[in-house]
Amino acid sequence: MCQAASQTGRPAGGASRPKDAAAPRPSPVRSVDPVVRAIHTLMYGLVVHFGTLYMIESCADNTTNANGDVGIEDGAPVAFVTKVGGAEDGASVYPGHLLAILFLHEYWVYLQHSNVVGNPLLQHLDRQYGIALLKSNRHWSIAGTLSAYWARETLGMFLCLPFLQQSSDRGSFSGTQYLILYSLIYHTIKSRGVRKDALTRSSSRFGIMRLVIDKFYTHSSEEAGVTLLRLFLQGVDTFIHYFIVRDLALLAGASYGGWFVQSMHVLFAIWVAHAMLNQLFRCSTASVMVQAWHLLTAKASSAASAVVDGVSDEQHHLSMQRTESEAELWERHREWNGMPADNEDDDTACTEGPNEFGWEDVAKDDETVGESVSSDSDGAFDDDVDAPANACEIDCADDDFVVRQLLHHKRVADELKGRQGAASGGVDRAVRLETAIAMLAAFFMLGLGEVPLQALLSWNECFDIEGILHKRERTTLGALGAWTMWGLLHGMWAMFLRSRPSPRASSPRAQSPETSRRRSAIRVLDLMVMLSAAQIVPLEMKSTVLTTCAFLTAKSFIQSAPVPKLVWKILTLAEFALKLMILRALVDASPDSTAISSVLAVGWAVWVVSNPVPTPCEAAQHNLPSGNIADVVFLGHPAQLSDAWALWLLPYSLNERWVAPLWTWPLWPLHYLVGWYVCNFRRKLFGDGASFFCCDDVSHGHTRMQNWVAAHFGRHFVTHPREVRDNIEATARHAERIGVKVLCLGALNKAESINGGGLAVVKALGPKRRLSVIHGNHLTAAAVVETIHQCFGNRKAKLFLTGASSKVGWAVAQALRDRHGYEILCHSTDPGRRRFFEENGFASASTLAEGSAFSTHWIVGKYDTCVARLIPQNATAVVFAVPHPLESRSDVRVIEAGTLHMDLTRLDRPRVFTNKLKEHEIFACHAASLVAAHRLEQGAKRIDEVGPVDPNEMDSWLVDAKKLGFSVPRYEPVKEAVAEILSEGRPPVVIVGAGPSGLAVAAYLGQKQIPHLVLESEEDPNVFGSWGQHFTGLEITTQKKWCSLPGLPMSDADFANETVTGEEYQRYLLQYVYRYAISIRRGVRVDSIEKGSEQTPYIVKCRANGKESNQHDEIAAWSVVVATGKHRVPQKNTSDDLAGKLDSCGIPYVHSTEMTDDATWKKCIEAAQSGKLCIVGFGNSAADLATMILQQCEGDDSGKPTIHIAARTIPPVFPRRAKFLRVDTLGYLMRSLPGPVQEVFVRLLWSGIPDSRVCDAAFPSHLKRWGNVRGRVPVIDKFGTLAAGFGSGALVGHGSVQHVTKEGEVTFGDQPSSGAASNTRSGTKIDMVILATGYREESVIGREDRLNGLYKCGFGRSDRFLPLRSIGEDAKNIADDIARSYK
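Source: prediction; values computed, not measured.

Asker: Hey, could you run me through the packing of aromatic side chains in this one?
Answerer: Each aromatic ring pair is specified by the distance between its two centres and by the angle formed by the two planes. On inspection of all chains with the given rule, the structure shows 31 aromatic pairs. Members of the aromatic cluster, connected to one another through ring pairs, are Y107, Y110, F239, Y242 and F243. Taking NZ or CZ as reference, K555 lies 5.0 Å from the ring centre of W568, over its face. One cation-aromatic arrangement involves R1216 over F1279; the distance from NZ or CZ to the ring centre is 5.3 Å.

Written out as structure tokens, the structure is:
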């Protein structure tokens, strides 16, 4: 049993066994007596036959009632009808010979299809015979029988088309004719599918061979869906034949009941007798067809087989030399699967009575010369098992799923898969015939608007040879139409049925002068035909003809130009459409068009079937070597979906690197669909050869190399990893089969998560492969190390390495440390890998922000978009990630270390495709494929460069690469960091304060290369401005996306929540400092700013912390930006000296900025729990503190908390989120509105939001509400706690504090002031007071003077909802103004 079945208890192929089918059970059909089976078949046939007659009779009655009595003289084809007797009553109607044959054939096919669809006895019989053939490995016998049967069926339906034509109008067809067109295409697809299954000796879930032979399953919804699909397709096919029989029977109108009905009775009697005999003797009709197929293919000689397959004598001689070894393989395969040997009795082949089928010996049927076409790393077998490679034992006793096991891709050894000489050639011809017939039907019906072979209706009248030859006008018109039609038919063959030449053969240099002259002569004749047609066609068509002539002339001129393939295909399709329009006009004008089109259709079909040029499918499936085989292949893949145009627009200039045009961006839906198709379905539909695109074919010295692009994109490595892996392995199988020597996996095709750096590809190919598989990482690592040493020399540089856990990255890290002594910081987000780095003596970092703090010299070995966000400004990045993520960072010096330069003089022709590089550039891993080929020429047997990179071995790859003409690009050394040199001796810009405002200004000035100096009084490097002075647990009100400073958005990786706390925001500011390489002089307090001279406009007087006020340092400044902000100095008292009153009465109090220790928080919480806590002020600090204290009290059972809030004026309170609305998002949208409109909008929200109304009503009505909201920040209820607290009484709104008594009571101004007795009510006992009185604005300057270079940033009052957002905008305006004056 194969591994997939034995380990999981499921049948091979992925089908799950029903729960009640644990043990194989005999089919109930087997126990039926043969006589009973025959009687059942008779009963079923009678129902089908007489039911069909009844349906035809009903249709005839409906036609007569609707249209009257249609006689033979009016409706039937006269040339094929004979009348016996007179035209009076009793006259008999007989169809002609061809019509009679077609009718009988279609009715026989209809009976067969009906029997297959509805008779379980026949289904069982055919299935058992199919199983017997599969057990004998006669896949090509099945394919040949089915394709021959379908080809006969297709030909019959095609010949019926002209007889079913009911209207003479162009493009008017009956429903039956459209169904026939569908059926022709459907049968062509089936024949191609069964040929593919025979080639691989396996069949997938939707493989044709499996769908034809397998049982109908309903044990799961998925299997039931497949069963319904199979029944639907078979039922539709059956009814198509019924419609054909019906329409042919009704050709004679009211006389349909004559010969047609009688012949149907006779044919049914023959058919039902044959069907009963099949059941009686358990001998399927398919067995007769298989034996006929054997007779046709077994007599073909080996030489004939070689000619059929298009193989040269030398290649045929090579294939014959392998016959003995393959016979041994078959012998081992029979032993492995329990099959009979050559000298054993055939009766042992199966338990189903093999003698009744007359099977032949398996060796006579399957003398296969094919090679491996299928392999998979899943379920691989041990190498020490004495069985064919990748073979799989099948449990034939499990009849429930035996077909799936017999068609499992592991069952037949790879060495025995492939084509089978004459048998394969016969299948190819059947498929060609069906394809040609389907294309002819589509061309005539959809293109010309008429049915093909209309001459069959009136042969004598159509072929008026004498009239054609004696009338020059008819002769000319017929010749023009014939030339045009044949040109279009030939174009169809060239576009769809001719195998594509290799890029080498299709290049202009490869065309011989004779070929070019012959093509030019044909174009001239084509042009002359079009000009002659212009004299014949109607006036309205002359412009089309002349346009076509001009188009042909222009196309001839650009033939030799490097036109992209996609553009050339579009031009070819346009030419086809124009000529088709002209042909329709010629057909209308020519009286002989029917005869000419019929002759050309037959001739073209015969020519297609007998043409020695293989079709694309045949060329892809051919397994013998040819002259189109490369020595080395580099397998890359497109990175972005838009990179598909890099393949479609070939060829193009390689002087610059390819960049997707802007006009491709709106086409992303097309790109997505193309990527989805090529990744998931292209290989499955067209085989292993369709898993890639061959885009370049050149010779480097004596080594021929091709550039293959895998049929998947970068995104698919995340979204469809299994399909990507299968595509890569399919490409490797194809390369192995056609004889490629070296396959190099490029970019993510060697990703660890996909195939372990190529190890899984090697395992899938098996131990007997000839193909060398490499990833090229040794050469890449060596090139990276040499490039880095060029840039940094022998100095002890500090380097931050991303992608250190990759194979190349780890080898580079070791080499840089051990050889050159660089200090390396390795980055990885995985804790296990960081431990690995540390165990090997490397420092590790878990975030890129740590790298920003560590060094401005980065080595980027992993594609990570966060690198572009966090790499410091003006840094140096040595990158070997493909593609690298620093395209958007023009301020960073990018040095590409993963590419080499190649000597173009060693190539035999210019390169066409370079993986988006310039013509002289090549990826190091690509060049490694040539190094591997060179080593093979030097005597190496097989090179498997997969898995880890050996630092001691990688230099030898670079040495060999240099011998082959490759070189490492030269780069200027990276200069050591030096102090800033002031431009033209001008002093720097001084920024006072390192908060968000100061840092934003510094970042903008750094981008503009303007020297600047940031002064900050805080000495702690992790504290920025006043952000270290807030209470513990501060959370910024707005979302983090509105808190980011310009150029560095907050990432979800570093800040996972939707909002950030004050501590997190300081961590973000530290990232910002490292990102923009901002230099901050800390521990410096600015005392004054004075005017200076013209050369030094300002003098900043400052002193270090701890120095006396008279110990100043003076700093000359070009401009000064004061960015100390509005929240640097806390307002710890009120205008009426509330702090003094509290002190005098002994009531403890703290300012909100002093809520930084657990003891203070505990006192406040205890006071709230006893109802004796008062918060003075009602801004966002007071709201946050009240919210946090209530949340702390929720889990305490000591009592209901109460917090008194005293306020002079009442601001609007908005919930942070009201259903789907976000207040900060609304604020962002409101910023562009005029000020009065904003005021109206805020007041509407204030009065319209229920929570806002609750909070407003909680305060005495006489208190002043904010009149002008502009410039002030409303209170934000973050969690709905304020509204809930005011509603429940946990929060009590008061007026301002009026009196404080010695007994610790506080009296609030809850009533309007109207005299001395207005506030005589008793006070409220208070044990703790929190002064949330905000901050006072202090600045080292009184006002700014922007005209003279003195600025204030961060003091604005224009943004009520997004103050941090407005800081960045203000900083940009200041930096732009300074830049204008500085220059």
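Asker: Would you mind showing me how to read the confidence of the model for the protein chain here?
Answerer: Any residue range with low pLDDT should be treated as having predicted coordinates unsuitable for detailed reading. Per-residue pLDDT for the protein chain has a mean of 79; in total, 81% of the residues score no lower than 70. Of the regions scoring below 50 in pLDDT, residues 65–80 engages in 30 contacts with residues more than four places distant in sequence or in other chains. pLDDT under 50 marks residues 300–398. Its contacts with residues more than four places away, or in other chains, come to 212 contacts.

Asker: Explanation requested: the sheet that holds strand β21 (residues 1113–1117) in the structure shown.
Answerer: Within a beta sheet, neighbouring strands are joined by backbone hydrogen bonds and run either parallel or antiparallel to one another. Read from one edge to the other, the open sheet built from 3 strands follows the order β19-β20-β21, with strand pairing classed as antiparallel. Every other strand in the sheet has two partners, leaving β19 (1084–1091) and β21 as the edge strands with one partner each. This sheet shows a mean twist of 30° between the axes of neighbouring strands, independent of strand direction. Relative to strand β20 (residues 1098–1104), β19 runs antiparallel, the two sharing 7 bridges. Bridge pairing in β20 places R1085 opposite R1103.

Asker: Would you take a moment to explain helix α25 (residues 593–610) for this structure?
Answerer: Each α-helix turn comprises 3.6 residues. Residues three or four places apart therefore point the same way. Taking 1.5 Å per residue, 18 residues should reach 26 Å; α25 reaches 25 Å between its end C-alpha atoms and fits that length. Among all positions in α25, only S593, A595, S597, S598, L600, A601, W604, A605, V608 and V609 are buried.

Asker: How should the environment of H1112 be read in this particular structure?
Answerer: Tracing the sequence through the fold places H1112 in the loop between β20 and β21. Given the relative accessible area of 34%, H1112 is considered partly exposed. Between the C-alpha atom of H1112 and that of S1088, which follows or precedes it by 24 residues, the distance is 9.8 Å. Not counting chain neighbours up to four residues away, the residues in contact with H1112 comprise D1087, K1101 and C1102.

Asker: What exactly am I supposed to notice about a nonpolar patch on the surface here?
Answerer: A cluster of nonpolar side chains, contributed by W668, Y672, L673, W676, Y677, F681, L685 and F686, occupies part of the molecular surface with about 850 Å² of accessible area. Checked against the element boundaries, L673 lands in helix α28 (residues 668–686).

Asker: Quick question: what am I supposed to make of the packing of helix α43 (residues 1158–1169) against helix α44 (residues 1180–1193) here?
Answerer: To describe two helices that pack against each other, one gives the angle between their axes and the distance between the axes. Look at α43 against α44: their axes get within 10 Å of each other, and the N-to-C directions meet at 75°. Relative to α44, the element α43 lies roughly perpendicular. Of α44, the residues touching α43 (which contributes W1161, C1164, I1165, A1168 and Q1169) are L1185, M1188, I1189, Q1192 and C1193. For the contact of α43 with α44, the per-class residue count stands at 8 nonpolar, 2 polar and no charged.

Asker: How should I be thinking about the nonpolar core in this particular structure?
Answerer: Buried together is how nonpolar side chains tend to be arranged in soluble globular proteins. Ranked by internal contacts, the top residues of the largest apolar core, which has 93 residues, are Y1065 and I1189. Here this core gets 8 residues from one element, more than from any other, and that element is helix α49 (residues 1363–1382). If you look at the next biggest cluster of nonpolar residues, it comprises 67 residues, including L181, F260, A601 and A605.

Asker: Help me out: how do you make sense of the side chain of S147 in this one?
Answerer: Position of S147 among the secondary structure elements: in helix α6 (residues 139–160). Residue classification places S147 among the buried positions, given a relative accessible area of 0%. Here the side chain of S147 touches G144 through a polar contact of 3.1 Å, landing on its backbone oxygen. Not counting chain neighbours up to four residues away, the residues in contact with S147 comprise S191, V427, A430 and E434.

Asker: Would you mind going over the packing of helix α33 (residues 777–792) against helix α38 (residues 924–937) with me for this structure?
Answerer: Between α33 and α38, whose axes approach to 7 Å, the crossing angle comes to 125°. Judged on the interaxial angle alone, α38 and α33 are oblique. As α33 runs across α38, the sense of the crossing is right-handed. Between α33 and α38, the contacting residues are L779, T780 and A783 on the first element and A924, C925, A927, A928 and V931 on the second. In the contact of α33 with α38, the residues fall into 7 nonpolar, 1 polar and no charged.

Asker: Help me out: how do you make sense of α28 in this one?
Answerer: Given a rise of 1.5 Å per residue, 19 residues ought to cover 27 Å, and the 25 Å separating the end C-alpha atoms of α28 matches this to within 8%. The largest bend in α28 amounts to roughly 45° and is located at V678. Taken residue by residue, α28 has H671, V674, G675, V678, C679, N680, R682 and R683 as its buried positions. Elements that come into contact with the buried residues of α28 comprise α7 (175–200), α27 (645–648), β4 (692–700), α29 (716–719) and α30 (721–738). G687 occupies a position one or two residues after α28 and carries a positive phi of about 95°.

The rules we used
Residues numbered from 1 in each chain as written. Predicted model: local features only at pLDDT ≥ 70, side-chain atom pairs only at ≥ 80, totals over all residues. Heavy atoms only, no water. Phe/Tyr/Trp six-rings, centres within 6.5 Å; stacked < 30°, edge-to-face > 60°. Lys NZ or Arg CZ within 6 Å of the ring centre and 35° of its normal. pLDDT = per-residue confidence, 0-100. Contact = heavy atoms within 4.5 Å. Pairing = 2+ DSSP bridges. Helix = DSSP H or I, 4+ residues; strand = E, 2+ residues; numbered from the N terminus. Axes fitted to C-alpha atoms, helices over the stretch in contact; angles between N-to-C directions. Expected span 1.5 Å × (residues − 1). Buried < 20%, exposed > 50% of the residue type's maximum accessible area, 1.4 Å probe, protein only. Patch = residues over 30% accessible without salt bridge, like charges linked within 9 Å, V, L, I, M, F, W, Y side chains within 5 Å. Areas by Shrake-Rupley, 256 points an atom, 1.4 Å probe, with all protein chains shown as cover. Salt bridge = Lys/Arg side-chain N within 4 Å of Asp/Glu carboxyl O. Parallel < 35°, antiparallel > 145°, perpendicular 65-115°, else oblique. Nonpolar A, V, L, I, M, F, W, Y, C, P; charged D, E, K, R; others polar. Core = buried A, V, L, I, M, F, W, Y, C linked by side-chain atoms within 4.5 Å. Polar contact = N/O pair within 3.5 Å; in protein donor to acceptor, adjacent residues only side chain to side chain. Left-handed = near helix turned anticlockwise from the far one by under 90°. Bend = angle between axes of the 7 residues up to and from the residue.

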